[in-house]
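As a plain string of letters, each chain reads:
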Amino acid sequence: MHRVLFVSPEIPPWVKSGGLGDVTAALPAALRASSVDTRVLAPGYGVALEALPGAVCVAQFDAHAAFPACRLMSAGDVNGAPLLLLDCPEYFRRPGTAYQDSAFADWPDNHLRFGLLSRVAAILGSAASPLAWRPDVVHCNDWPTALAPAYLRLAEGAHAVSVVAIHNLSHQGVFDAATLHPLGLPLSMFAIDGVEYYGKLSFLKAGIFYAQRLVTVSPTYAREIQTEEGGQGLGGLLRGRQRELIGILNGIDTKVWNPAMDRRIAHTYDFSTIARKSVNKLALQRRFGLELGEERMLLGVVSRLAHQKGIDWVVGLGGALGNLPVQLAVLGSGEKELEEDLTALAQMHRGRIGVVIGFDEVLAHLIEAGCDAFLMPSRFEPCGLNQMYSLRYGTPPIVRATGGLADTVVDCDRTTLAAGTANGFSFVEPSMAALLATVRRALDAWNTPTVWRTLQKRGMSLDFSWSASAQRYLSVYQAAARDSHL
Ligand code: ADP
């Protein structure tokens, strides 16, 4: 297994909406460190092309179906992995996010924008590729790239195998049946054994059906998405492919997220100097207008503000903290109603609750370093990164036991403490009451310094680096290649 084309709709640091951006920054680099020649293909967003003025055109593609002609640019690298940008100005040079306009409405031509990305990925993996460099594997990420396996199926001659990684099953790329023709797909593919999904066309379903192998981002999430409830309409199909589906936990960038070297925080520390963590707590309290001092346990949140993340429970918790000696610092942006609820909460509880609405990576680091415990009460969480950051920062996470949170956070009880595995707190029941009860348990532990130090030490000693995950991906690629030779 030598060459992998990693296809992503997000390119850090320019276009990043969530975890997939972090994975794009890290996994290709980790694969290269394991001697896998990995290149990244992403849309040529205006911000990225402006930041990379040295980009050179390496291939041109003619107009096809509803797609306009476009160019492929070789444009620097993502942490050492060569970057190929698909330059199609009318699709990708727009304000807004990768998927939405400035008012957070999906672009109406997303099927074409990401259909083109998928198609070009497939061309690069086929005999028709204009490049001398030909991948053995096309590694797709989420629905915006998941049509590539369908296009590969249409390719003539020898071609790459495909792997689809599901980072979040709730985004499936479902469009009207009438998009089939503009996407250049034949009517024969509009079937149960194809791209059809309840009378519509689904990018993700197509990927799940046509890819040789499927990966999702944690072992627990791999199980959850095969159930009726967790499968979000695709559970049956995923159950049918359970032999080809595996959960591989994402790693984290241990250079960027390292409290001993982090220049974005007020004071660096490691476990042997953990007392210095309190300098960060003070800085965080100042930044959020909270009362200064060590009397209260400071809880932190860095999150997309979404129902998925259980932020409505955080809002409820804020109102219910009452006489508990707890402070709350929240950084996030997303659903307007949650933004407004949180802002109102902070106004009602000045000095106790602080809220910053926005996306601010520097502040995210200070929250991880400065708070005592980190809240992540997600309804579902494919993998989650922030709980791993907080473990590394000696900030025990309080999470709902779902998906990757269940795979990384070991709830503190007598048994796990005695076994030395406890590193945080988790609850199962999806409710604000369960979250509040768990915060109370965490508060008790925080008030028992020996217990708290044990949790911090365990979390800080865990290895969440990408190298182990990269090895697992390599095994998946090898298995996909073996299948294709059968
Ligand atoms: P998801 O991908 O579902 O949003 P993850 O926990 O997997 O959740 O990844 C979220 C990533 O985005 C993390 O790197 C997190 O620190 C970052 N992040 C989310 N919201 C913000 C924000 N408001 N400011 C800074 N970073 C954020």
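Refer to the structure printed above.
Residues numbered from 1 in each chain as written. Predicted model: local features only at pLDDT ≥ 70, side-chain atom pairs only at ≥ 80, totals over all residues. Heavy atoms only, no water.

A.B. asks: Residues and numbers for the site of the ligand, please.
C.D. replies: Close to the ligand lie 21 residues, the nearest being G19, R304, K309, G358 and D360. Contacts to the ligand include R304, whose side-chain N or O atom sits 2.8 Å from an oxygen atom. At 3.0 Å, a backbone N or O of D360 approaches a nitrogen atom of the ligand. Within the complex, the protein chains bury 93% of what would otherwise be the 550 Å² of accessible surface of the ligand. Counting residues per element, the ones that place at least two in the shell around the ligand are helix 1 (19-33), strand 13 (297-305), strand 14 (326-334), helix 12 (361-370) and helix 13 (386-392). In terms of residue count, the dominant contributor to the shell around the ligand is strand 13 (three residues). Split by domain, the shell around the ligand shows at least three residues from each of two domains, domain 1 (3-251 + 467-484) and domain 2 (271-461). (Near = heavy atom within 4 Å. Polar contact = N/O pair within 3.5 Å; in protein donor to acceptor, adjacent residues only side chain to side chain. Areas by Shrake-Rupley, 256 points an atom, 1.4 Å probe, with all protein chains shown as cover. Helix = DSSP H or I, 4+ residues; strand = E, 2+ residues; numbered from the N terminus. Domains from an automatic or database assignment.)

A.B. asks: Describe the sheet that holds strand 1 (residues 3-7), listing the residues and the values that go with them.
C.D. replies: Sheet architecture is open: nine strands sit in the order 3-4-5-2-1-6-7-11-12, paired in mixed fashion. Only two strands of the sheet have a single neighbouring strand rather than two, namely strand 3 (56-61) and strand 12 (245-247). Put simply, the sheet's adjacent strands are angled 25 degrees from each other on average, direction ignored. Pairing geometry for strand 4 (residues 70-78) and strand 5 (residues 81-87), over six bridges, is antiparallel. Counted as the bridge partner of V78 is A81 from strand 5. (Pairing = 2+ DSSP bridges. Axes fitted to C-alpha atoms, helices over the stretch in contact; angles between N-to-C directions.)

A.B. asks: How would you explain the nonpolar core if you had to name every residue and give the values?
C.D. replies: With 96 residues, the main nonpolar core has L41 and L85 as its most contacted residues. It is helix 4 (residues 110-124) that provides the largest number of residues to this core, a total of nine residues. In this structure, L317, L342, L375 and F427 belong to the second largest nonpolar core, which totals 37 residues. (Core = buried A, V, L, I, M, F, W, Y, C linked by side-chain atoms within 4.5 Å. Buried < 20%, exposed > 50% of the residue type's maximum accessible area, 1.4 Å probe, protein only.)

A.B. asks: Explain the packing of helix 10 (residues 311-320) against helix 16 (residues 432-446) residue by residue, including any values.
C.D. replies: At a minimum axis separation of 9 Å, helix 10 and helix 16 run at an interaxial angle of 55 degrees. In terms of axis orientation, helix 10 runs oblique to helix 16. Here helix 10 runs over helix 16; the crossing is right-handed. Across the interface between the two elements, W313, V314, G316, L317 and A320 from helix 10 touch M432, L435, L436 and V439 from helix 16. Looking at the contact of helix 10 with helix 16, its residues break down into eight nonpolar, one polar and no charged. (Parallel < 35°, antiparallel > 145°, perpendicular 65-115°, else oblique. Left-handed = near helix turned anticlockwise from the far one by under 90°. Contact = heavy atoms within 4.5 Å. Nonpolar A, V, L, I, M, F, W, Y, C, P; charged D, E, K, R; others polar.)

A.B. asks: Mind laying out the pairing of strand 17 (residues 397-400), listing which residues take part and the relevant values?
C.D. replies: Because side chains alternate across strand 17, one face comprises the buried residues P397 and V399, and the other comprises I398 and R400, equally buried. Once you follow strand 16 (residues 373-376) into helix 13 and on to strand 17, the crossover reads as right-handed. With three bridges connecting them, strand 17 and strand 18 (residues 425-427) associate as parallel partners. Bridge pairing links V399 to S426 in strand 18. (Right-handed = clockwise from strand over helix to strand, strands pointing away.)

A.B. asks: Give me the lowdown on the environment of I225, citing residues and values where you can.
C.D. replies: The topology assignment puts I225 in the loop between helix 7 (219-224) and helix 8 (235-240). A C-alpha to C-alpha distance of 20 Å links I225 and M376, two positions 151 residues apart in sequence. Apart from residues lying up to four places away in sequence, I225 is in contact with I166, L169, T216, G230, G231, G235, L238 and L245.

A.B. asks: Tell me about the packing of helix 10 against helix 11 (residues 336-348), and please be specific about residues and values.
C.D. replies: Direction vectors running N to C along helix 10 and helix 11 enclose 15 degrees, while the axes themselves pass 10 Å from each other. In this view, helix 10 runs roughly parallel relative to helix 11, as classed from their interaxial angle. The hand of the helix 10/helix 11 crossing is left-handed. In this structure, helix 10 contributes I311, D312, V314, V315, G318 and G319 to the contact, and helix 11 contributes L338, D341, L342 and L345. By residue class, the composition of the contact of helix 10 with helix 11 is six nonpolar, two polar and two charged.

A.B. asks: Could you give an account of the pairing of strand 1, naming the residues involved and the relevant values?
C.D. replies: Counting buried residues along strand 1, four of its five residues qualify, which places the element largely inside the surrounding structure. Note: strand 1 against strand 2 (residues 37-43), five bridges, orientation parallel. Across the sheet, residue V7 finds its bridge partner in strand 2, namely L41. Viewed along the sheet, the connection from strand 1 through helix 1 into strand 2 turns out right-handed. Sheet topology note: the strand 1/strand 6 (residues 137-141) ladder contains four bridges and is parallel. Residue L5 lies in a different strand from strand 6, and its bridge partner there is V138.

A.B. asks: I'd like a description of the sheet that holds strand 10 (residues 200-202), backed by residues and values.
C.D. replies: Taken in spatial order, the three strands line up as 8-10-9 in an open sheet, and their pairing is antiparallel. Strands at the two margins of the open sheet, each flanked by one partner only, are strand 8 (174-175) and strand 9 (196-197). As paired strands, strand 9 and strand 10 are joined by two bridges and run antiparallel to one another. The residue bridging E196 from the neighbouring strand is L201, located in strand 10. Packed onto the sheet, helix 6 (residues 203-210) meets strand 8, strand 9 and strand 10 and runs at close to 60 degrees relative to strand 10.

A.B. asks: So what about the side chain of Q456? Which residues, and what values?
C.D. replies: With respect to the helices and strands, Q456 occurs in helix 17 (residues 449-461). Those residues in contact with Q456, other than ones at most four positions away along the chain, are F271, I274, K277, G394 and P396.

A.B. asks: Could you give an account of the packing of aromatic side chains, with specific residues and numbers?
C.D. replies: Scanning the model with the defined rule gives 13 aromatic pairs in all. Geometrically, the ring pair formed by W143 and F203 is edge-to-face, given 5.3 Å between the ring centres and 80 degrees between the ring planes. You can see W143 sitting in the loop between strand 6 and helix 5 (148-154) and its partner F203 sitting in helix 6, a full 60 residues away along the chain. Here the two residues W143 and F203 agree in accessibility, since each one is buried. Measuring from centroid to centroid gives 6.1 Å for F425 and W452, while their planes differ by 20 degrees, and the two rings are stacked. Residue F425 is located in strand 18, and its partner W452 is located in helix 17; the two are separated by 27 residues in the primary sequence. For F425, a relative accessible area of 1% puts it in the buried group. (Phe/Tyr/Trp six-rings, centres within 6.5 Å; stacked < 30°, edge-to-face > 60°.)

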